[in-house]
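# Structural characterization, general
Residue-level listing of the chains:
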Amino acid sequence: MSGIVIFRSQDEPISQTNFKRSLDALSHQGLHRQNIWISENEKVGFGHTKLSIIDDLSGDQPLSDGERTRYIVANGEFYDLGSVKQQLKQQGYSFQTDSSSEIVLHLYDRLGTQCLDKLRGEFAFAIWDERNQLLFAARDRFGVKPLYYTVYNRTVYLASEVKALFAAGVPAHWDQESFFLTDSGVLPPNNTLFANIYQVPGGCFLIASDSGIQIHRYWDFNYPLIGDSSTQLTQEDYIEKLRHTLDEAIKIRLRSDISIGCYLSGGIDSSTVLGMASTHTSKPIQAFTISFDHATYNEEAIARETAQQIGADFHVVSLSNVELAEHFADAVCQGEMLTYNAHTPAKYLLSRATQNAGCNLVLIGEGSDETFGGYAHFCQDMLRQITAGQDEKTTRKLLEELKQNSKQISPALFVEGGAEALESVRQSLGFIPAWMERRVRLKIDGIYSDEFMAQFSQRDAYRIFLNHIDVIGQLKGRESVNQSMYLWCKTHLPVYVLRVMGESVIRYHGIEGRLPFLDRKVVELATQIPGELKIHKFTGKYILREAARPFLTDTVYAGKKHSLLAPPSTFDPQGAFFQLVQDTLRGSVMAAVPFYNQTKAIQLLDRIPEMDDIEKTALEVPLMKMLSACFLQERFGLA
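Everything quoted here is computed from the prediction, not taken from an experiment. (Residues numbered from 1 in each chain as written. Predicted model: local features only at pLDDT ≥ 70, side-chain atom pairs only at ≥ 80, totals over all residues. Heavy atoms only, no water.)

Pairing within the open sheet is antiparallel, and its six strands lie in the order 2-3-1-9-8-10. Each of the sheet's edge strands pairs with one partner strand only, and the pair in question is strand 2 (33-38) and strand 10 (198-199). Of the strand pairs in this sheet, strand 1 (residues 2-9) and strand 9 (residues 155-159) are connected by five bridges, and their pairing is antiparallel. Looking across to strand 9, one finds that V5 is bridged to A159. (Pairing = 2+ DSSP bridges. Helix = DSSP H or I, 4+ residues; strand = E, 2+ residues; numbered from the N terminus.)

Take a look at the structure:
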């Protein structure tokens with residue numbers, strides 16, 4: 001696990017002072033080893049901070065080829081490259097280190113950007129091609145490892161975190177349209193909250209030369225067309241194939257001689273990962289579980305049962321309202337995005353506890369809900385798909401059954417309304433994904449500034465988002481539930497799950513997170529599995545549940561979906577989080593955030609004591625987003 005910084009100037013030599021400041025901004029806990037390469041003309045700089053997991057000191061980066069005409073820096077891990085290395089040796093390449101990044105460097109020499117087809121793992125890397133005066137940078141297929149870029153004063157900057165770009169002297173400004181899209185729940189995967197700062201989207205690569213910057217896609221989720229049965233198997237065959245593919249994806253992520261951990265909840269995903277991983281190691285795996293002081297949100301008992309059955313070393317991380325409030329600002333600013341629940345500082349504190357236990361590598365279950373239909377809104381999409389053309393009474397009866405079978409669901413999911421704001425989506429897709437309806441209902445009017453409303457009240461966030469999507473090529477002719485999952489994976493997965501809840505808060509504590517559910521082979525298999533095997537009789541992830549049955553307790557196998565959500569945190573007058581919200585939103589920082597009307601926000605705060613529980617729960621998301629914006633404004637000095 002590493003951090004990377006790249007400067008490439010077209011004119012003057014790069015500022016080595018700014019370069020060092022940028023790299024220092026990435027030197028979090030456990031990432032203190034730095035290495036720098038500056039080209040002879042001082043117009044190109046590569047920087048690397050490192051937590052050594054597998055590669056030894058001989059694999060320190062930046063790495064160069066034997067002729068010193070190509071250089072590489074990489075963040076993350078590449079898997080299953082042994083056979084590729086042997087082929088390269090047969091083709092005359094020699095290796096100076098055991099680093100997998102050196103294999104990638106030689107692959108690029110051999111295949112150019114097509115080398116990406118050979119790569120498997122969670123990664124972001126950059127290669128400087130001196131001979132062709134070309135910068136090539138790429139991100140893994142799903143966007144697990146972040147990679148940001150900008151152009152400022154005719155210099156291209158890339159880094160693992162936005163704060164490293166700010167440290168390099170790039171101006172720190174809000175991007176108002178991106179805020180509008182984020183607030184609407186549909187930030188495209190290439191955008192950030194910050195003006196002129198972008199992400200290389202998952203599955204894409206960047207080429208920068210004297211001719212400018214180009215972004216190209218090298219991979220995408222390819223769902224089958226309706227009626228295409230060329231690759232369909234029996235249910236039993238899918239179960240066996242999925243079990244084998246996932247087991248292999250987990251196995252290759254265990255190749256390290258250090259202590260292995262697993263983030264364990266009460267759900268299928270993490271229980272499956274822990275269960276399968278335990279069959280490949282002779283040492284007990286350390287399992288880390290969050291415990292909240294609220295029974296509805298506490299999964300400790302279920303997780304403990306799983307750990308006992310598997311024989312894992314079980315660690316409970318008990319979190320209070322006080323701790324969540326104390327670390328909210330740090331967690332948000334590590335994620336560099338708005339958050340909508342105190343699960344962000346919860347994940348931050350979970351990673352701190354993992355580091356304190358001496359564990360630097362954890363297996364994580366993220367990605368399963370997105371590709372196997374685990375969320376209730378995908379079940380709602382499936383319900384609409386299978387009842388299309390049936391009478392409304394039957395559909396409503398089934399919808400009520402789905403509601404009763406869904407646990408820990410926000411009231412906004414099944415509340416009527418919101419479709420009128422999504423008519424452009426219906427026109428483009430022929431239906432409206434349930435998760436988009438929920439996004440509309442989670443917004444509260446009347447808290448925004450007059451200037452912000454004058455600029456954006458007439459804009460259609462969902463049309464803007466769809467303009468970034470290849471609707472004809474990737475969505476038309478597919479099952480609606482697959483279309484919904486595809487769109488979710490283009491915004492919420494990379495922008496929120498993998499960033500706000502993933503790499504940012506994990507990486508800060510020097511933890512390497514590995515995600516077997518987002519293995520290329522697992523996801524490519526998942527896209528070909530029919531929707532009715534992913535979501536079967538209101539049971540999400542049905543096919544995964546059956547494939548993982550030998551590794552699950554009866555409780556987990558029969559259980560319902562539990563998202564990682566912290567208990568409502570902002571309404572207890574005696575709680576630390578309540579005080580944090582009240583003090584911050586009534587203070588001077590909130591007055592400086594350009595998107596909100598502070599007077600209206602205070603009026604909303606004053607009404608909280610009169611609200612019922614449903615109203616308060618619906619208000620939690622807007623309050624968390626306002627609180628997030630305040631801390632980003634303050635910490636980064638945003639204009």
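Ranked by internal contacts, the top residues of the largest apolar core, which has 125 residues, are F179, L324, L487, F577, Y596, L623 and L632. A total of ten residues in this core trace back to one element, the largest contributor, which is helix 29 (residues 613-636). Setting aside its immediate chain neighbours within four residues, Y596 contacts F179, D183, I447, Y448, S449, M590, K625, M626 and A629. Counting 36 residues, the second largest nonpolar core, distinct from the first, contains M276, I285, L361 and F551. (Core = buried A, V, L, I, M, F, W, Y, C linked by side-chain atoms within 4.5 Å. Buried < 20%, exposed > 50% of the residue type's maximum accessible area, 1.4 Å probe, protein only. Contact = heavy atoms within 4.5 Å.)

Before going further, it helps to examine the sheet that holds strand 11 (residues 204-209). Pairing in this open sheet of six strands is antiparallel, and the strands run 4-5-6-7-11-12 from one edge to the other. The open sheet has two edge strands, strand 4 (63-64) and strand 12 (212-217), and neither has a second partner. Taken together, the four bridges between strand 7 (residues 134-139) and strand 11 define a ladder with antiparallel strand orientation. Its bridge partner being in strand 11, A138 is matched across the sheet by F205. Sheet contacts for helix 3 (residues 100-111): strand 4, strand 5 (70-78), strand 6 (121-129) and strand 7; angle to strand 5, the most-contacted strand, approximately 125 degrees. (Axes fitted to C-alpha atoms, helices over the stretch in contact; angles between N-to-C directions.)

Per the UniProt annotation, the sites labelled "site: Important for beta-aspartyl-AMP intermediate formation" (unreviewed entry) are E366. Tracing the backbone shows E366 in the loop between strand 16 (361-363) and helix 12 (368-372). Excluding residues that lie within four positions of it along the chain, E366 makes contacts with K347, V497, M501, L515, F517 and L518. Here K347 takes part through its side chain, which lies 2.8 Å from a polar atom of the side chain of E366. (UniProt positions renumbered as here; feature names shortened; annotations may be inferred. Polar contact = N/O pair within 3.5 Å; in protein donor to acceptor, adjacent residues only side chain to side chain.)

With respect to the element layout, S271 can be found in helix 7 (residues 268-278). Among the polar contacts made by the side chain of S271, one reaches the main-chain carbonyl oxygen of G267 at a distance of 2.6 Å. With residues up to four places along the chain from it excluded, the contact list for S271 reads L264, S265, T306, I310, F551, L552 and V556.

Before going further, it helps to spend a moment on the pattern of salt bridges. Tallying each qualifying case throughout the model produces 37 salt bridges. The closest approach of N and O atoms between K50 and D60, which form a salt bridge, is 3.4 Å. Of the two residues, K50 is situated in strand 3 (residues 44-50) and D60 in the loop between strand 3 and strand 4; the sequence distance between them amounts to ten residues. Between E437 and R384 there is a salt bridge, with the nearest N and O atoms lying 2.8 Å from each other. Taken as a pair, E437 in helix 16 (residues 434-441) and R384 in helix 13 (residues 376-386) lie far apart in primary sequence, 53 residues in all. On the basis of relative accessibility, which here comes to 9%, the residue E437 falls in the buried class. (Salt bridge = Lys/Arg side-chain N within 4 Å of Asp/Glu carboxyl O.)

Locating S480 in the fold gives a position in helix 20 (residues 480-488). What makes S480 buried here is its relative accessible area of 15%. At 2.9 Å, the side chain of S480 and the side chain of Q385 are in polar contact. Apart from residues lying up to four places away in sequence, S480 is in contact with D381, Q385 and F431.

On to the domain arrangement of the protein, then. Splitting the protein by domain gives domain 1 (2-174 + 188-217), domain 2 (235-371 + 492-558), domain 3 (375-438 + 467-490) and domain 4 (576-636). When each unit is reduced to the centre of its C-alpha atoms, the spacing between domain 2 and domain 4 is 31 Å. Counting from both sides, the interface comprises 16 residues of domain 2 and, opposite them, 14 residues of domain 4. Interface of domain 2 and domain 4: buried area, both sides summed, is about 1,300 Å²; carbon and sulfur atoms make up 75% of it. Its largest share of buried area at the contact with domain 4, domain 2 owes to F328, C333 and L338, together 38% of the area lost on that side. (Domains from an automatic or database assignment. Buried area = accessible area lost by both parts, 1.4 Å probe.)

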